[in-house]
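Residue-level listing of the chains:
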Amino acid sequence: MSTHVLRCGDIPVPIALASLPTTQTGPLPDVTVIDELLPVLAADSLPRLIVLGSDAGLATVLTHLMRTERLHVEVGFVPVETTYASRVYQTATGNAAAKIAIDGRAIETPLIRDDTGTVLVGRASITGIDGAALEGEAYVDDTLLFSGTVATMLISPTMTMPGVRARVRKGFRKRSWVSGRAAQLGTPGAIVTRDGITTERKVPRSTFYRFEQPWLLVR
């Protein structure tokens, strides 16, 4: 097995990863750096890439693997602190997560992307413009999530099928998660934040759904 660490930003390297070949990149990995690593990993029949970084770093790597049709690469995730993705995928943190990423087994896991072709690994939130209330109508598969006005719509992957779940906040109340293959929103205008990264462009619709191929999560 060929295992390589992608260190995303200036975060501490757990002891368990110290002896493995490591490539440095920014907090949001440079796709050219990922492309340079892939031929090295391709020399092995069981390539494994360990992402040491944030939810956004992991999402960037998986987005590139999806777009370049390289989802056969096994991916371990090592966050230094608890994140939304570490909770979803039960990866642990720090050195414990590093040991899992090295010794664990890759399992097929639903890959969630949106209509911009960006992968979601932890949490997306959708609000109105400038943080205002969100107006519109949303469904999870055929189930109406809301119609009218809510504070926020939240979307998250699940580690098992059907793959995605969503819920809304209305005032101080959080409604229950609704699971399905896809979560779809139509709105006069909204702002989407994916894994901590907020897009500046106002959108009239947003869809998060399970991609046709899974990704290989090391657990």
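Residues numbered from 1 in each chain as written. Predicted model: local features only at pLDDT ≥ 70, side-chain atom pairs only at ≥ 80, totals over all residues. Heavy atoms only, no water.

Some thoughts on the layout of surface pockets
(1) Moving on: Looking at the largest pocket, its volume works out to about 260 Å³.
(2) Moving on: Taken together, 14 residues form the lining of the largest pocket, with Ala 59, Thr 60, Thr 63, Thr 118 and Ile 197 sitting closest to its centre.
(3) Moving on: A total of six residues in the lining of the largest pocket trace back to one element, the largest contributor, which is helix 2 (residues 55-67).
(4) Moving on: Space inside the second largest pocket adds up to approximately 190 Å³.
(5) Moving on: What lines the second largest pocket is a set of 13 residues, among which Gly 53, Ser 54, Asp 55, Val 80 and Glu 81 lie closest to the centre. (1 Å grid on protein atoms, 1.4 Å probe; cavity = no way out; pocket = protein on both sides within 12 Å on 5 of 7 lines; lining within 4 Å. Points joined across faces, edges and corners; volume = space filled by probe spheres on them. Helix = DSSP H or I, 4+ residues; strand = E, 2+ residues; numbered from the N terminus.)

Let's talk about the environment of Pro 204
(1) Moving on: On the secondary structure map, Pro 204 appears in strand 17 (residues 203-210).
(2) Moving on: On the basis of relative accessibility, which here comes to 39%, the residue Pro 204 falls in the partly exposed class.
(3) Moving on: Residues Pro 204 and Leu 154 lie 50 residues apart in sequence; the distance between their C-alpha atoms is 16 Å.
(4) Moving on: In this structure, Pro 204 is in contact with Leu 185, Gly 186 and Thr 187, ignoring residues within four places of it in sequence. (Buried < 20%, exposed > 50% of the residue type's maximum accessible area, 1.4 Å probe, protein only. Contact = heavy atoms within 4.5 Å.)

Notes on the nonpolar core
(1) Moving on: With 29 residues, the main nonpolar core has Leu 62 and Trp 215 as its most contacted residues.
(2) Moving on: The set of elements that each furnish at least two residues to this core consists of strand 1 (2-8), helix 1 (31-42), strand 3 (47-52), helix 2, strand 4 (74-78), helix 3 (84-89) and strand 18 (215-218).
(3) Moving on: When residues in this core are grouped by element, the largest group, six residues, is from helix 2.
(4) Moving on: Once you skip the residues sitting within four places of it in the chain, Leu 62 turns out to touch Leu 71, Val 75, Leu 111, Val 119, Val 121 and Trp 215.
(5) Moving on: Judged by nonpolar contacts, the second largest core, of 21 residues, contains Ile 112, Ile 155, Val 168 and Val 192. (Core = buried A, V, L, I, M, F, W, Y, C linked by side-chain atoms within 4.5 Å.)

Looking at the sheet that holds strand 4
(1) Moving on: With respect to topology, six strands assemble into an open sheet ordered 2-1-3-4-18-5, the strand pairing being mixed. At either margin of the open sheet sits one strand with a lone partner, and together these are strand 2 (22-25) and strand 5 (106-109). The sheet shows a mean angle of 30° between the axes of neighbouring strands, taken without regard to direction.
(2) Moving on: As defined by bridge partners, strand 1 adjoins strand 3 across six bridges and the pair is classed as parallel. Residue pairing for strand 3: Ser 2 is matched across the bridge by Pro 47.
(3) Moving on: Strand contacts of helix 2: strand 1, strand 3, strand 4 and strand 18, with the helix running at about 170° to strand 4, the strand carrying the most contacts.
(4) Moving on: Lying on the sheet, helix 4 (residues 94-103) is in contact with strand 3, strand 4 and strand 18; it crosses strand 4 at an angle near 170°. (Pairing = 2+ DSSP bridges. Axes fitted to C-alpha atoms, helices over the stretch in contact; angles between N-to-C directions.)

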